[in-house]
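So the chains spell out like this:
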Amino acid sequence: MKRTARIVIATLILFAASGLADMELPRVTLPLMTTAPTIDGVIAEAEWAGAVRNVGMVSQHDVKLTDREVVFWTGCDGTNLYIAVKSELPPGGELLTRAVPDDARDVREATRDDSVEFVIHPHLDQTKGDRRYFHMIINERGARYDLSLDEGDPRNPVDMTWRAVGLVFASAKQDGWWHVEVAIPLADMGATSADLSHPWGLRIGRNFKRGHDQACWESVRHSYHDVPTMPVIEFAAGPPVVQIVSLRAEDKPRIQINVSNPGDDLLPVTVFVSNAWHHDPATETVEGLAVPPGGTETVTVEPRHGGPDGDHHTIIGVTSADEKAVYYVREFVWRFERPGPNDRWETIKEDAEAIALEYAVYPYRNKLKARVDIKALASRDAVTDAQL
C-alpha cells in the first residue's frame, strides 16, 4: 500500500531519532519535461531545469556520501528517459578509460573503467505482461555493457543480447568535472505511455576507480538487481520539480532546495528538512510555500555544525500542502569536511592491464614479427616505441 506523505515524514523522524532502521529509499514524483535537453556532453543547468537534481552519491563502503562530489539529474519527456551525471575529476583530470566502444557487441571490459551505471525498471510492481528491467554500464568513451532481466522468467531471467539500440550518449571533461548525458528511448525498454502512469525503479551510479567505489543514489548496501531497494520515480501532471542545489557553503553546511512550478496554477507545497550532527538531536525545518506558475521558490537551511568529528544525518522531503502526496524524499549521512584532492584519489598503475599483445610468426629467416594493440591504453598518445 502506498504511504501518504504524512506517514513517510513521521516515520523518517522516528527513524532519525532512533537510528534503528534502514534509511528511507529515495522517492520522486515530477512532471514530464516539456523540452528535451541537448545530449552533447556539456550539462547546462537551464537545459535540465525540468529534471530532478540531486547532490552527492552514497559510497558502498560506509553508506555515507562519498568524498568525491557528484551531481545528477533525471527526467522524461514521454519518449526518452534522460540522465545526466557530473562528477569531479582526479588531480590531473584523467579517468581510467581502457575499453573501446563496439557497436556489434557488449564490452564487458567497460566494467573495469571509470563509468556511470544505471538500472531502470519501467515495469516496477507489475504482475503480468512485460516485467523486464535493464542494466547499463558506460565508460567515458561510450563503451557499453548492458543486459536485461525479467522478473517474469525466474528460471532464465538474464538476456545478454538485449541492447538499447537508440541510446544517445555524450561526455566531456570540463572545469574539473566529468559530464555525462544520456537519452534512453522508452521503446528500447518496451515501455509505453501506460507505463508512465505507474512507478519506475531507477538506480543511478558512478563507479570510481583509482580508489574503487561504487557510489549510488540510495543509502543502502544491496545488489543492484535487488528490486525492492530500488529508488522510485513517478511521472504525473501537477507536481513541482525539486532540485537540490547544494549541501555546503564554503565554510559551513548550507542545504539549498529549489522547488519549481512548471504548471499554470499556484502550487502549494511543504518542504521538510531534518538534520542531526553527530549526537545532537535532530533539528527540523518545515516551510510552506506557494509556488507561482512558472516560478521557483528556494528553501535554505544552515544546520549546526560542531566540527570534523561527527557526521550529519539529513532528511529532505517535499510534499503537497496537505501532505497526501510525496514529491521528493531522500535520507543520507554525510560529512561536511572533505579530504584534500590528493587524498580523495589513489594513484594506481593500471596501464599494463590495458595492453593486448598479438603476435604471429611469419616464414622469414631470423625474424619474429609482433603487433601490439594499445588503443585502450590511457597514455597511448605518449607511446613512441615498444620493447619485446
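Please refer to the structure higher up on the page.
Our subject in this report is the structure included herewith. (Residues numbered from 1 in each chain as written. Predicted model: local features only at pLDDT ≥ 70, side-chain atom pairs only at ≥ 80, totals over all residues. Heavy atoms only, no water.)

1. Section: the overall build of the protein
Put simply, the test is: Only DSSP runs of H or I covering at least 4 residues are called helices, and only runs of E covering at least 2 are called strands; the numbering of each starts at the N terminus. Between two residues, a contact is recorded if the distance between any of their heavy atoms is within 4.5 Å.
The number of helices and strands found in the protein is two helices and 22 strands. Sequence separation of at least 24 residues holds for 64% of the intrachain contacts in the protein that already meet a minimum separation of 6.

2. Looking at the nonpolar core
To keep it simple, the criterion reads: Nine residue types can take part in a nonpolar core, namely buried Ala, Val, Leu, Ile, Met, Phe, Trp, Tyr and Cys, and a core is a set of them joined through side-chain atoms within 4.5 Å. Each residue's exposure class comes from its accessible area (1.4 Å probe, protein chains only) as a fraction of the maximum for that residue type: buried when under 20%, exposed when over 50%, partly exposed otherwise.
If you look at the biggest cluster of nonpolar residues, it comprises 64 residues, and the most contacted ones within it are Phe118, Ile120, Trp200, Ile204 and Ile257. In contact with phenylalanine 118, other than residues within four places in its own chain, are Ile83, Val85, Phe134, His135, Met136, Ile138, Val182, Arg203 and Ile204.

3. Side note on the packing of aromatic side chains
The line we're drawing: Any two rings among Phe, Tyr and Trp, with Trp reduced to its six-membered ring, count as a pair given centres within 6.5 Å; such a pair is stacked if its planes are under 30 degrees apart, edge-to-face if over 60, and tilted if neither. We call a charge positioned above a ring when the Lys NZ or Arg CZ atom is no farther than 6 Å from the ring centre and deviates by at most 35 degrees from the ring normal.
Summed over all chains, the structure comprises four aromatic pairs. The interplanar angle of 40 degrees and the centroid separation of 4.6 Å between the aromatic rings of phenylalanine 134 and tryptophan 162 together place this pair among those described as tilted. You can see phenylalanine 134 sitting in strand β6 (residues 132-139) and its partner tryptophan 162 sitting in the loop between β8 (158-159) and β9 (168-174), a full 28 residues away along the chain. Judged on exposure class, the residue phenylalanine 134 and its partner tryptophan 162 are both buried. Ring geometry for phenylalanine 208 versus tryptophan 345: centroids 5.9 Å apart, planes at 70 degrees, classification edge-to-face. You can see phenylalanine 208 sitting in strand β11 (residues 200-208) and its partner tryptophan 345 sitting in the loop between α2 (341-344) and β21 (356-360), a full 137 residues away along the chain. We note that phenylalanine 208, like tryptophan 345, is buried. If you follow arginine 206 out to its NZ or CZ, it ends over the ring of phenylalanine 208, 4.2 Å from the centre. The positively charged end of arginine 330 is found above the aromatic ring belonging to phenylalanine 332, 5.2 Å away from the centroid.

4. A closer look at the pairing of strand β19 (residues 312-320)
Formally: Between any two strands, at least two bridges found by DSSP are needed for them to pair.
When you tally the buried positions in β19, you get nine out of nine residues, the bulk of the element. Taken together, the eight bridges between β19 and strand β20 (residues 326-334) define a ladder with antiparallel strand orientation. Bridge pairing in β20 links isoleucine 315 to glutamate 331.

5. Thoughts on the pattern of salt bridges
Heads up, the condition is: For this analysis, a salt bridge means a side-chain nitrogen from Lys or Arg found within 4 Å of a carboxyl oxygen belonging to Asp or Glu.
For the coordinates displayed, the defined rule picks out 20 salt bridges. The closest approach of N and O atoms between lysine 173 and glutamate 140, which form a salt bridge, is 3.4 Å. Linking lysine 173 in strand β9 with glutamate 140 in the loop between β6 and β7 (144-150), this pair joins segments that are 33 residues apart in sequence. Look at glutamate 140 and you get buried, because its relative accessible area is 19%. Each of the salt bridges in this network shares a partner with another, and the network as a whole consists of Glu69, Glu88, Arg248, Arg338 and Arg344.

6. Details of the environment of threonine 66
Take threonine 66: it is sitting in the loop between β2 (52-55) and β3 (70-76). Spatially, the C-alpha atom of threonine 66 lies 8.9 Å from that of arginine 335, the residues being 269 residues apart in sequence. Excluding residues within four positions of it along the chain, threonine 66 makes contact with Met57, Ser59, Phe208, Asp213 and Ala215.

7. Some thoughts on unusual backbone geometry
Residue aspartate 125 is not a glycine yet carries a positive backbone phi of 70 degrees. In this model, glutamate 323 sits at a positive phi of 65 degrees, which is unusual for a non-glycine residue. Position of glutamate 323 relative to the elements: it lies in the loop between β19 and β20.

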